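So the chains spell out like this:
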Amino acid sequence: MKRKVLFFISAGLLLLSFYMVLVFVPTEKDMGIVQRIFYYHVPLAWVAFLAFFVVFFASIGYLVKRKPRWDHVACASAEIGLVFISLMLLTGMIWAKSAWGVWWIWEPRLTTSLVLWFVYVAYFIVRAYVVEEERKARFGAVVGIIGFLNVPLVFLSVTLWRTQHPPLTIFTDGLAGSMMATLLVCLFAFNFFYIYLLAEVTLMKADERAVRQLKEKSIRRNS
Amino acid sequence: MAVETNPAVEVKNLSRTFGTFEALKNLSLAVRPGETLAIFGHNGAGKTTLLKILSTVMKPTGGEIYYGGLSIAADAENIRRRLGVVSHRSFLYSSLTAYDNLVFYSRLYDVAGYETRIKHLLNQLGLRSRMYDKVGTFSRGMSQRLAIARALLHRPEIVLMDEPESGLDSSAMDTLWQLMREDCRTIIFTHHNLERGFQAASRVVIMARGRMFFCPDIKCSPGELEKAYASSLETA
Amino acid sequence: MREIAKAFTIAAKDVLTEIRTREIISSVVVFAVLVIVIFNFAFGSNQQAAGLVAPGIIWVTFAFAGILSLNRSFILEKEEDCIEGLMVAPISRESIYLGKFFGNLFFILLIQAIVIPVFSLLFNVGFFNIELVLITVMASVGFASVGTLFAAMAVSTRARELVLPVLFFPVITPVIIAAVNASAAILDGGVLSSITQWLGIIGAFDVIFLVASYLIFCFIIEE
């Protein structure tokens, strides 16, 4: 029941955001149409980092409580986070190409996100190569914790590194009212969408585990 | 008025699952100080898992374990001080010499005057001549003997052994038990050979499918043991 | 403290093993020198370019060499289940971590002590001053802190050669960035005061990840 509510709220907000980004908000004077990607890029970034925080929190929860539920949440949030951060990097690259003519710049936020992308991937690689289910969850939790602690340090070091180069401004003026409104709607939409996805994928993981256990039990009974 | 002494080792409702596989199910066992307990059981009965949990390497998923009244959960380090463990693998570093290995473990266990202790044990186990040879050059039997020396360095009160006689010839086996009786009070070991295990033990039990199948308080007769073992195999 | 004494016993055992086998000196050092030579071919004989990229090359080399050395330290313990021998002894899981950490730190520093003079020779770059030593030691502590934790994890997976680099490289990014920039600044004639921020980052990394790894290690080695 709660999931249905979440689904409709996020679907509604997402549709609203499409309208606002594509129709409502005026075109920005410097960058033109491509600038609209900004309204997705920022929420994607926010949710990706939020998702990773949830991985961190759930990982600690798992190590302390040892209940599979925590691992399902961590793994689900990591999967969603990986998708969001990939999209964030893609939108960032499209933005960079049209704003500065290059596909990639070593700017603090992008670089930190790139490193985070690698940490997410490491999370799944470690899990993939561990045989036992309980150990898989434990090792994943360790990666989730260490990886998250690393994020602020990466950001700091890249920021310090890049201050030695001319800074790149995102906007020369502030955000107009309509732009701010659009951005906020997108932010809300993605947040709700993330929460909805997290609920769905977590339950899916619980189901997957139940199926695995049934399979194991029946194999053992028949052998 | 009878004085109740704490059992040397007490296991209460121990369980351990790996995914869906229940390696140990609600297992309970009490071992009195001074007992030499032999644990028999079919392959996969859970003997090795039980020993691993008793030696604190593995944590149980349920249940409690007490050593002389002290719980493992609270006092693991203190308990390990009095524990000697002989496992399937030797815990020995192959690139180091026998002497290096034993000095290392002596330091970990705070063994005072370890030089003499090491020489004494190596003499007893017939390894004195190989003291400065790398363990990698040892045969299976020699590593097993050295592993026993390693386990007994600190004169443990309680010794846990998984198939201790594997790889040993009969004279080495005799030395093994003689050394055990010298320093250790309580011994818990597994064995695949009913006769040999029965000979060495003061009490025998049988495990099957993660549970205690046959758990008499005092040592049964060889005939009883054989019968019980045969029926334990049927449940497997 | 007894815990530290036991940790040193473990580290001393690792050093003794190296004395008996000379594995690290022969394989890792040769590897490191090879990497440096290959980099030299990659950058041509341009003296100016060599001076610019020297700090980067040396730190990338140390990162790769570090991986080899870290991997080895736990492969030793997997043989004959020696790690169980450590777990059964009257020492805390944390002392085991500290012991392996000290051993790994020692070997990383040893490798650096051998490789740096070779590097200075080939690249005509002086690496012998106190600031550079400080950077190197601090960065090595960072490498060894997470490296020990990750190596313990990797050795319990089915793909240890893949898992360790995949985990190690993203997480040590801040250390690499800081060490390279700080080294470059010093080689350019800077003084200690000019690199305090970089040292701050490495120092923060060292403290955070030493503490985190120290606390999390027990979750990795338990069965």
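Residues numbered from 1 in each chain as written. Chains lettered and ligands numbered in written order. Predicted model: local features only at pLDDT ≥ 70, side-chain atom pairs only at ≥ 80, totals over all residues.

Here we come to the sheet that holds strand β1 (residues 9–18) of chain B. Residue and element names in this part refer to chain B. One open sheet accounts for 4 strands, arranged β2-β1-β4-β5; its pairing is antiparallel. In this open sheet, the two strands that pair with only one neighbour each are β2 (21–31) and β5 (70–71). Two strands pair when backbone bridges link them, and β1 and strand β4 (residues 62–67) are joined in this way by 5 bridges, in the antiparallel orientation. What sits directly across from Ser15, in β4, is Gly62. (Pairing = 2+ DSSP bridges. Helix = DSSP H or I, 4+ residues; strand = E, 2+ residues; numbered from the N terminus.)

We now examine the environment of Ser17(A). Residues and elements named next belong to chain A. If you trace the backbone, Ser17 turns up in helix α1 (residues 2–24). Between the alpha carbons of Ser17 and Tyr39 there is a distance of 8.9 Å; along the sequence they are 22 residues apart. Sequence-distant contacts of Ser17, defined by excluding residues within four places in its chain, comprise Val185, Cys186 and Ala189. (Contact = placed C-beta atoms within 7 Å.)

Taken together, the contact pairs 25 residues of chain C with 26 residues of chain A. Contributing elements (two or more residues each) for the side of chain C that touches chain A: α6 (130–154), α7 (160–171), α8 (173–187) and α9 (196–221) of chain C. If one sorts the elements of the side of chain C that touches chain A by residue count, α9(C) sits on top with 9 residues.

Turning our attention to the confidence of the model for chain B. When pLDDT is averaged across chain B, the result is 90; 98% of the residues are at 70 or more. For this predicted complex, the interface score ipTM comes out at 0.91, alongside a pTM of 0.92. (pLDDT = per-residue confidence, 0-100.)

With that settled, the discussion passes to the environment of Ile38(C). Looking at the secondary structure, you find Ile38(C) in helix α2 (residues 23–42). Along the chain, Ile38(C) and Ile202(C) lie 164 residues apart, while their C-alpha atoms are 28 Å from each other.

As a further point, take helix α1 (residues 2–21) of chain C. The first and last C-alpha atoms of α1(C) sit 29 Å apart over 20 residues, in line with the 28 Å expected at 1.5 Å per residue. In the segment just after α1(C), Arg22(C) is the residue with positive phi, at about 55°. (Expected span 1.5 Å × (residues − 1).)

Once that is clear, we can look at the packing of helix α3 (residues 98–108) of chain B against helix α4 (residues 114–124) of chain B. Residues and elements named next belong to chain B. Contact geometry for α3 and α4: axes closest at 10 Å, N-to-C directions at 130°. As the angle between them shows, α3 and α4 are arranged oblique. Crossing angle aside, the handedness with which α3 passes α4 is right-handed. Residues Ala98, Tyr99, Leu102, Val103 and Ser106 of α3 form the contact with α4, whose participating residues are Tyr114, Ile118 and Leu122. The class makeup of the residues in the contact of α3 with α4 is 7 nonpolar, 1 polar and no charged. (Axes fitted to C-alpha atoms, helices over the stretch in contact; angles between N-to-C directions. Parallel < 35°, antiparallel > 145°, perpendicular 65-115°, else oblique. Left-handed = near helix turned anticlockwise from the far one by under 90°. Nonpolar A, V, L, I, M, F, W, Y, C, P; charged D, E, K, R; others polar.)

This paragraph deals with the sheet that holds strand β10 (residues 211–214) of chain B. Whether parallel or antiparallel, the strands of a sheet pair through hydrogen bonds between backbone atoms. All names here are of chain B. Taken in spatial order, the 6 strands line up as β6-β7-β8-β3-β9-β10 in an open sheet, and their pairing is mixed. One side of each edge strand has no neighbouring strand; the edge strands of this open sheet are β6 (83–86) and β10. Taken over all neighbouring pairs, the strand axes of this sheet differ in orientation by 25° on average, direction set aside. Pairing analysis gives 4 bridges linking β6 to strand β7 (residues 158–162), with the strands arranged parallel. For Gly84, the partnering residue across the bridge sits in β7 and is Val159. Set on the sheet, helix α1 (residues 47–54) makes contact with β3 (36–41), β7, β8 (186–190) and β9 (203–208); between it and β7 the angle comes to about 150°. Its contacts with the sheet place helix α8 (residues 222–235) against β3, β9 and β10, and it is angled at close to 15° to β9.

For any two helices packed against each other, the geometry is given by the interaxial angle and the distance between the axes. Residue and element names in this part refer to chain C. Relative to each other, α6 and α9 sit at 20°, their axes nearing to 8 Å. What the angle tells us is that α6 and α9 run roughly parallel. For the crossing formed where α6 meets α9, the hand is left-handed. When α6 is examined against α9, the residues Met138, Ala139, Val141, Gly142, Ser145, Val146, Thr148, Leu149, Ala152 and Met153 are found in contact with a partner set consisting of Leu199, Ile202, Gly203, Phe205, Asp206, Phe209, Leu210, Ser213, Ile216, Phe217, Ile220 and Ile221.

For the rest of this paragraph, the subject is the nonpolar core. One finds Ala48(A), Met153(C), Leu167(C) and Ala179(C) to be the most contacted residues of the largest nonpolar core, which totals 213 residues. Ranked by the residues each element gives to this core, the list is headed by helix α2 (residues 38–65) of chain A, at 16 residues. Contact partners of Ala179(C), with chain neighbours within four places excluded, come to Trp59(C), Ile135(C), Ala139(C) and Ile202(C). (Core = buried A, V, L, I, M, F, W, Y, C linked by C-beta atoms within 7 Å. Buried ≥ 20, exposed ≤ 12 C-beta atoms within 10 Å, placed from the backbone.)

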